[in-house]
Amino acid sequence: GAGVSQSPSNKVTEKGKDVELRCDPISGHTALYWYRQSLGQGLEFLIYFQGNSAPDKSGLPSDRFSAERTGGSVSTLTIQRTQQEDSAVYLCASSLGATSGSGDIQYFGAGTRLSVL
Amino acid sequence: GQSLEQPSEVTAVEGAIVQINCTYQTSGFYGLSWYQQHDGGAPTFLSYNALDGLEETGRFSSFLSRSDSYGYLLLQELQMKDSASYFCAVNRDDKIIFGKGTRLHILP
């Protein structure tokens, strides 16, 4: 597609349930980032995939959070046993990569708004 | 360690000029980027500085001083639509790291 696509756009779930958030990056982009943003707050880095390298998981807040990227394209962020504090907007971004020389411009999806009741 | 500092909020008047500063401390520095995010929207890229100096794009300019580990975003002829959050981001040789953002309030 022309841009980064995220689904679902909104997700309401009950506390304790698992959720899966999907990100479809721009074709040809080797880098993919997941961020979390609470209302009125900044971008909290979660995880970063670059090509075939091992992902940088340093931002994942707990072991309930995991992500994978299949075939270097689509990525899924999974949150197990959701808690109310997980409620936020989850943003995905893709780019050509850190050493692309063009400033590694990140293109963001519209995000998934997660509400945990 | 690494850090990015920018003011949490800035207020300016419509038609005026405002400067949003960003200081950083990081290894593997490559360049400094700026992103804009309107309420309810996704961040969008504004500018990138890899070298010292000023980059101008219309009403927006961005400056970088690598020796001072400092940069700023300059917005001229402010319009109400410029009300948004502005994030500086450090481009490292391994990944990009965002600051916490500056909320720009514009008064009529």
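The structure contained in this document is the topic of the report that follows. (Residues numbered from 1 in each chain as written. Chains lettered and ligands numbered in written order. Predicted model: local features only at pLDDT ≥ 70, side-chain atom pairs only at ≥ 80, totals over all residues. Heavy atoms only, no water.)

What about the interface of chain A and chain B?
Point 1. Opposite the 21 residues of chain A that make contact, chain B presents 17 residues.
Point 2. Here chain A is connected to chain B by 1 salt bridge.
Point 3. For Asp56 of chain A, the salt bridge goes to Lys95 of chain B, with nearest N and O atoms at 2.4 Å.
Point 4. Counting the contacts that link chain A with chain B gives 4 residue pairs in polar contact (both at pLDDT 80 or more).
Point 5. Taken together, the elements giving at least two residues each to the side of chain A that touches chain B come down to β4 (31-37) and β5 (44-50) of chain A.
Point 6. Here the element with the most residues in the side of chain A that touches chain B is β4 of chain A; it accounts for 3 residues.
Point 7. When the residues that make up the side of chain A that touches chain B are grouped by side-chain class, the tally is 10 nonpolar, 9 polar and 2 charged. (Contact = heavy atoms within 4.5 Å. Salt bridge = Lys/Arg side-chain N within 4 Å of Asp/Glu carboxyl O. Polar contact = N/O pair within 3.5 Å; in protein donor to acceptor, adjacent residues only side chain to side chain. Helix = DSSP H or I, 4+ residues; strand = E, 2+ residues; numbered from the N terminus. Nonpolar A, V, L, I, M, F, W, Y, C, P; charged D, E, K, R; others polar.)

Considering the layout of surface pockets
Point 1. In this model, the largest pocket occupies a volume close to 1200 Å³.
Point 2. Contributing to the lining of the largest pocket are 46 residues, with Gln37, Gln41, Gly42 and Leu43 of chain A together with Phe87 of chain B lying nearest its centre.
Point 3. Its residues placed into classes, the lining of the largest pocket shows 14 nonpolar, 24 polar and 8 charged. (1 Å grid on protein atoms, 1.4 Å probe; cavity = no way out; pocket = protein on both sides within 12 Å on 5 of 7 lines; lining within 4 Å. Points joined across faces, edges and corners; volume = space filled by probe spheres on them.)

Remarks on the state of the cysteines
Point 1. With the rule as written, the count across this model stands at 2 disulfides over all chains.
Point 2. With its sulfur 1.8 Å from that of its partner, Cys23 of chain A forms a disulfide with Cys92 of chain A. Across the disulfide from Cys23 of chain A to Cys92 of chain A, rotation about the S-S bond amounts to roughly -65°, and the bridge is consequently left-handed. Taken together, the residues span a long stretch of sequence, with Cys23 of chain A in strand β3 (residues 19-24) and Cys92 of chain A in strand β8 (residues 88-95) at a distance of 69 residues. Of the two residues, Cys23 of chain A and Cys92 of chain A, both sit in the buried class.
Point 3. The disulfide partner of Cys22 of chain B is Cys88 of chain B, and the S-S distance across this bridge is 2.2 Å. Across the S-S bond of Cys22 of chain B and Cys88 of chain B the torsion is about 70°, and the bridge reads as right-handed. Of the two residues, Cys22 of chain B sits in strand β3 (residues 18-25) while Cys88 of chain B sits in strand β9 (residues 84-92), which places them 66 residues apart along the sequence.
Point 4. On the accessibility criterion, Cys22 of chain B (0% relative accessible area) is buried. (Disulfide = S-S within 2.5 Å. Buried < 20%, exposed > 50% of the residue type's maximum accessible area, 1.4 Å probe, protein only.)

Describing the nonpolar core
Point 1. With 22 residues, the main nonpolar core has Leu32, Leu75, Tyr86 and Leu104 of chain B as its most contacted residues.
Point 2. Among the secondary structure elements, those contributing two or more residues to this core are β2 (9-13), β3, β4 (29-37), β7 (60-65), β8 (70-75), β9 and β11 (102-107) of chain B.
Point 3. Residues within four places of Tyr86 of chain B in sequence aside, it is in contact with Gln6, Ile20, Tyr35, Gln36, Leu46, Phe60, Leu73, Leu75, Gly101, Thr102 and Leu104 of chain B.
Point 4. In terms of nonpolar packing, the next biggest core, distinct from the first, is built from 20 residues, Phe49, Ala67, Ala88 and Tyr90 of chain A among them. (Core = buried A, V, L, I, M, F, W, Y, C linked by side-chain atoms within 4.5 Å.)

Side note on the sheet that holds strand β6 (residues 65-69) of chain A
Residue and element names in this part refer to chain A.
Point 1. Read across the open sheet, the 4 strands follow the order β1-β3-β7-β6; overall the sheet is antiparallel. Strands at the two margins of the open sheet, each flanked by one partner only, are β1 (5-7) and β6. Strand-to-strand twist across the sheet, computed as the mean angle between neighbouring axes with direction ignored, equals 15°.
Point 2. Here 3 bridges tie β1 to β3, and the two strands are oriented antiparallel to one another. Bridged to Gln6 within β3 is Cys23. (Pairing = 2+ DSSP bridges. Axes fitted to C-alpha atoms, helices over the stretch in contact; angles between N-to-C directions.)

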